[in-house]
Amino acid sequence: GEDASLVHKGCFLSLPGSETQVYHQDGVHLNKKTHKPCYAINVFIPLVDCTMSNGPTEFCLGTHYLGYENFIKEQVYTPCVSAGTPVIFDYRLG
């Protein structure tokens with residue numbers, strides 16, 4: 001909407017042989033007692049095709065829900081998308 005604002009923009013570079021990132025969530029819940037709707041999104045636009053061999057970002061589904069922030073390997077989803085395809089997700093998703 002018209003009240004949307006850009007908070008951050010940048011470039012993340014992961015070269016071949018880079019260390020694996022530790023599981024984390026980019027954003028936190030604004031309220032620790034009641035789950036609220038999404039208040040921010042991340043948009044990744046890969047510059048190369050994302051394949052399992054080049055280490056794409058993994059998401060742990062459901063971790064954006066209050067109380068379910070822990071990493072569970074069986075809930076991991078890895079979007080393997082073509083270069084230029086935006087990956088849009090809730091800022092709280094781990």
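Here, the structure is the one placed above.
Okay, so let's go over this structure. (Residues numbered from 1 in each chain as written. Predicted model: local features only at pLDDT ≥ 70, side-chain atom pairs only at ≥ 80, totals over all residues. Heavy atoms only, no water.)

### Notes on the overall build of the protein chain
Counting its regular elements, the protein chain contains zero helices and four strands. Tracing the protein chain from N to C terminus, the helices and strands come up as β-β-β-β. Counting only C-alpha atoms, the protein chain reaches 40 × 35 × 20 Å along its principal axes. For the protein chain, with 94 residues in total, the buried portion stands at 21%. (Helix = DSSP H or I, 4+ residues; strand = E, 2+ residues; numbered from the N terminus. Buried < 20%, exposed > 50% of the residue type's maximum accessible area, 1.4 Å probe, protein only.)

### Some words on the environment of Pro 79
By secondary structure assignment, the location of Pro 79 is in the loop between strand E3 (76-77) and strand E4 (87-90). Placed 21 residues apart in sequence, Pro 79 and Glu 58 show a C-alpha to C-alpha distance of 7.2 Å. In contact with Pro 79, not counting residues within four places along its chain, are Cys 50, Pro 56, Thr 57, Phe 59 and Val 87. (Contact = heavy atoms within 4.5 Å.)

### Digging into empty space enclosed by the protein
If you walk through the whole model with that rule in mind, you get one cavity of 30 Å³ or more. Along the lines of polarity and charge, the residues of the lining of the largest cavity split into three nonpolar, two polar and two charged. (1 Å grid on protein atoms, 1.4 Å probe; cavity = no way out; pocket = protein on both sides within 12 Å on 5 of 7 lines; lining within 4 Å. Points joined across faces, edges and corners; volume = space filled by probe spheres on them. Nonpolar A, V, L, I, M, F, W, Y, C, P; charged D, E, K, R; others polar.)

### A short note on a nonpolar patch on the surface
A grouping of Ile 41, Val 43, Ile 45 and Ile 88 is seen on the molecular surface, where their side chains present a nonpolar patch of about 380 Å² in accessible area. Under the relative-accessibility criterion, Val 43 is labelled partly exposed at 44%. (Patch = residues over 30% accessible without salt bridge, like charges linked within 9 Å, V, L, I, M, F, W, Y side chains within 5 Å. Areas by Shrake-Rupley, 256 points an atom, 1.4 Å probe, with all protein chains shown as cover. Salt bridge = Lys/Arg side-chain N within 4 Å of Asp/Glu carboxyl O.)

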